[in-house]
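Remarks on the overall topology
What follows is each chain in one-letter form.
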Amino acid sequence: MKLDSQLADRPVFVTGADGFVGSHLVDRLVGLGANVHVFVRATSSGELNNIRHHRDEITVHRGDLRDKLSVREALGTLKGHSDILIFHLAAQAHVGESWDRPYETVDTNVTGTLNLLQSVVDLDLDIAKFDTAGTSEEYGNVDEKMKDNHDFKEDGRVLLSERSPVNPTSVYATSKLAADFLTMNYHDAYGLPTVTTRMFNNYGPRQNPRYITGTIITQALERDIVELGNLTPKRDLCYVADGVRGHLHVALGGSAGEQYVYGHGENISMQEWADTILEVGSEHGYWENPEIVQDDDRFRPGDSDVEELLVGYEKINEETGWEPEVSWREGIRRTIDWYANNPDSWYGRVDWR
């Protein structure tokens with residue numbers, strides 16, 4: 001899909017724009033010449049971390065998704081524009097923290113989404129697409145009562161698609177599922193051209209080091225042991241640049257009222273993922289052979305861990321031509337390189353010291 005001709009001077013509004021995926025999306029949008037408006041949380045310092053280098057090329061709106069007035073004021077600046085694209089990526093997105101901060105998680109992820117959707121209706125904005133970013137965590141584990149509704153590969157692995165039953169097992173996953181349904185409610189009720197996208201486990205530069213890839217890399221860079229939690233779950237890990245391309249392909253080529261899921265199309269156990277990261281880092285001279293140690297304190301509570309996630313991305317591929325381009329080993333190499341060269345961006349945020 002040719003993106004530049006469809007995005008040059010196009011008004012685009014991005015929530016969560018200074019976060020991990022959001023900042024990479026802003027990079028791409030600026031590079032394609034879009035008229036980029038970003039909504040970031042107001043802080044006392046007013047500092048941008050990941051998109052500071054675009055400060056003179058974007059319009060920054062500060063506020064809080066939970067505050068409908070600040071959301072409405074930011075979106076109100078787009079009155080008079082047409083064919084607007086909205087990418088809603090802002091969220092409390094850490095599964096573990098959703099148990100520590102359940103009210104904030106629900107308030108941000110559910111009420112925040114509602115505030116955006118209702119403001120679009122109240123302002124009668126001329127939007128071309130409203131993309132709410134969901135998560136593969138919404139699928140959870142296979143419920144035995146729903147097993148016949150799932151698709152399985154020949155080797156017995158469950159293959160998740162837009163048709164698969166959902167079974168969220170964390171506050172985070174439940175809040176994101178609610179946001180998905182709200183997004184579709186506003187399509188059905190008001191005809192908003194909304195879509196929902198479920199990315200499968202993005203990783204890459206700028207990701208919070210508390211996520212699995214970052215915690216492996218940062219520990220390996222700093223010490224001889226890597227402490228991890230449960231290493232048996234399997235995940236379908238998608239490099240962030242491919243994730244961003246997925247959002248753009250759906251916004252420009254997807255159909256309103258539809259859901260699109262995508263990822264690498266293969267899964268790997270967390271043990272194998274950790275081993276691969278350490279192997280790639282050793283090959284490129286970032287460290288010697290750190291030891292992996294399991295720590296029970298790093299397990300998710302109770303039975304809330306998701307055993308395996310694997311995506312079938314045929315729908316987005318058939319409708320928009322999207323497919324992943326970055327191999328796991330290449331994505332890992334790029335990610336290690338960023339953490340190694342940007343310690344100031346993550347050193348105070350790790351949870352293993």
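In what follows, the structure referred to is the one given above.
All of the points below concern the structure found in this document. Please read all numbers here as calculations on a predicted model, not as lab measurements. (Residues numbered from 1 in each chain as written. Predicted model: local features only at pLDDT ≥ 70, side-chain atom pairs only at ≥ 80, totals over all residues. Heavy atoms only, no water.)

1. Quick look at the nonpolar core
A general trend in soluble globular proteins is that nonpolar side chains are found buried together. The biggest cluster of nonpolar side chains holds 64 residues, and the ones touching the most others in it are Leu7, Leu29, Val38, Phe87, Leu248 and Trp273. For Val38, the contacting residues outside a window of four places in its chain are Val14, Ala17, Val26, Ile51, Ile58, Thr59, Val60 and His61. The next biggest cluster of nonpolar side chains, apart from the first, holds 21 residues, and it includes Phe39, Val71, Ile84 and Leu116. (Core = buried A, V, L, I, M, F, W, Y, C linked by side-chain atoms within 4.5 Å. Buried < 20%, exposed > 50% of the residue type's maximum accessible area, 1.4 Å probe, protein only. Contact = heavy atoms within 4.5 Å.)

2. Observations regarding the packing of helix H9 (residues 270–283) against helix H11 (residues 328–341)
The description of two packed helices rests on the angle between their axes and on the distance between the axes. Look at H9 against H11: their axes get within 10 Å of each other, and the N-to-C directions meet at 65°. As H9 runs across H11, the sense of the crossing is right-handed. Where H9 approaches H11, its residues Trp273, Thr276, Ile277, Glu279, Val280, Gly281 and Glu283 are matched on the opposing element by Trp328, Arg329, Ile332, Arg333 and Ile336. Residues of the contact of H9 with H11, tallied by class, amount to 6 nonpolar, 2 polar and 4 charged. (Axes fitted to C-alpha atoms, helices over the stretch in contact; angles between N-to-C directions. Helix = DSSP H or I, 4+ residues; strand = E, 2+ residues; numbered from the N terminus. Left-handed = near helix turned anticlockwise from the far one by under 90°. Nonpolar A, V, L, I, M, F, W, Y, C, P; charged D, E, K, R; others polar.)

3. What to know about the layout of surface pockets
Any space left empty among the atoms is revealed by the rolling of a water-sized probe across them. Estimates place the volume of the second largest pocket at around 190 Å³. Around the second largest pocket, the lining is made up of 14 residues, and of these Asn141, Val142, Val158, Glu307 and Glu308 lie nearest the centre. (1 Å grid on protein atoms, 1.4 Å probe; cavity = no way out; pocket = protein on both sides within 12 Å on 5 of 7 lines; lining within 4 Å. Points joined across faces, edges and corners; volume = space filled by probe spheres on them.)

4. Some words on the packing of aromatic side chains
One pass over the full model with this rule turns up 12 aromatic pairs. Ring geometry for Tyr186 against Tyr190: centres 5.3 Å apart, planes inclined by 40°, an arrangement best described as tilted. Here Tyr190 and Tyr186 lie together in helix H6 (residues 171–190), a separation of 4 residues that amounts to about one turn. Judged by its relative accessible area of 8%, Tyr186 falls in the buried class. Summarising the aromatic geometry, the rings of Trp338 and Tyr339 are spaced 4.9 Å apart at their centres and angled 80° between planes, so their arrangement reads as edge-to-face. This pair shows no difference in class: Trp338 is buried, exactly as Tyr339 is. Counting every residue linked through ring pairs, the aromatic cluster contains Tyr203, Tyr239, Trp273 and Trp328. Residue placement shows Arg198 over the ring face of Tyr139; its charged tip is 5.0 Å from the ring centre. Across from the ring centre of Tyr260, 4.7 Å away, lies the NZ or CZ of Lys315, which sits over that ring. (Phe/Tyr/Trp six-rings, centres within 6.5 Å; stacked < 30°, edge-to-face > 60°. Lys NZ or Arg CZ within 6 Å of the ring centre and 35° of its normal.)

5. As for the pattern of salt bridges
Enumeration over the complete set of coordinates arrives at 24 salt bridges. For Asp122, the salt bridge goes to Arg72, with nearest N and O atoms at 3.6 Å. Of the two residues, Asp122 sits in helix H5 (residues 102–123) while Arg72 sits in helix H3 (residues 68–76), which places them 50 residues apart along the sequence. Classification of Arg72 as partly exposed rests on a relative accessible area of 34%. Here Lys145 and Asp143 are joined by a salt bridge, their closest N and O atoms 3.5 Å apart. (Salt bridge = Lys/Arg side-chain N within 4 Å of Asp/Glu carboxyl O.)

6. Side note on the pairing of strand S1 (residues 11–15)
For S1, a buried count of 5 out of 5 residues is recorded, marking the element as mostly surrounded by other parts of the structure. Here S1 pairs with strand S2 (residues 35–41) via 5 bridges, running parallel. Considered in S2, the bridge of Pro11 is made with Asn35. Handedness of the β-α-β unit built from S1, helix H2 (residues 20–31) and S2 comes out right-handed. Strand direction decides the pairing type here: S1 and strand S4 (residues 84–88), joined by 4 bridges, are parallel. Looking at the pairing, Val12 lines up with Leu85 of S4. (Pairing = 2+ DSSP bridges. Right-handed = clockwise from strand over helix to strand, strands pointing away.)

7. A word on the side chain of Thr183
Looking at the secondary structure, you find Thr183 in helix H6. Among the residues examined, Thr183 registers a relative accessible area of 0% and is labelled buried.

8. Here's the deal with the sheet that holds strand S3 (residues 59–63)
Strands pair in a sheet through their backbones, by hydrogen bonds, and they do so in one of two ways: parallel or antiparallel. Reading across the sheet, the 7 strands line up as S3-S2-S1-S4-S5-S8-S13 and stay open at both edges, with parallel pairing between neighbours. The sheet is open, and its two borders are formed by S3 and strand S13 (259–262), each paired with just one other strand. With direction set aside, neighbouring strand axes in the sheet form an average angle of 20°. As paired strands, S4 and strand S5 (residues 127–135) are joined by 5 bridges and run parallel to one another. Paired with His88 across the bridge in S5 is Thr132. The sheet contacts of H6 involve S5, strand S8 (194–199) and S13, and relative to S8 the element is tilted by about 155°.

9. Points about unusual backbone geometry
Positive phi is not limited to glycine here, since Asp124 has a value of about 55°. Within the secondary structure, Asp124 is located in the loop between H5 and S5. On the basis of relative accessible area, Asp124 is assigned to the exposed category, the value being 63%. The phi angle at Arg206 is positive, at roughly 80°, despite the residue not being glycine. Within the secondary structure, Arg206 is located in the loop between strand S9 (202–203) and helix H7 (212–222).

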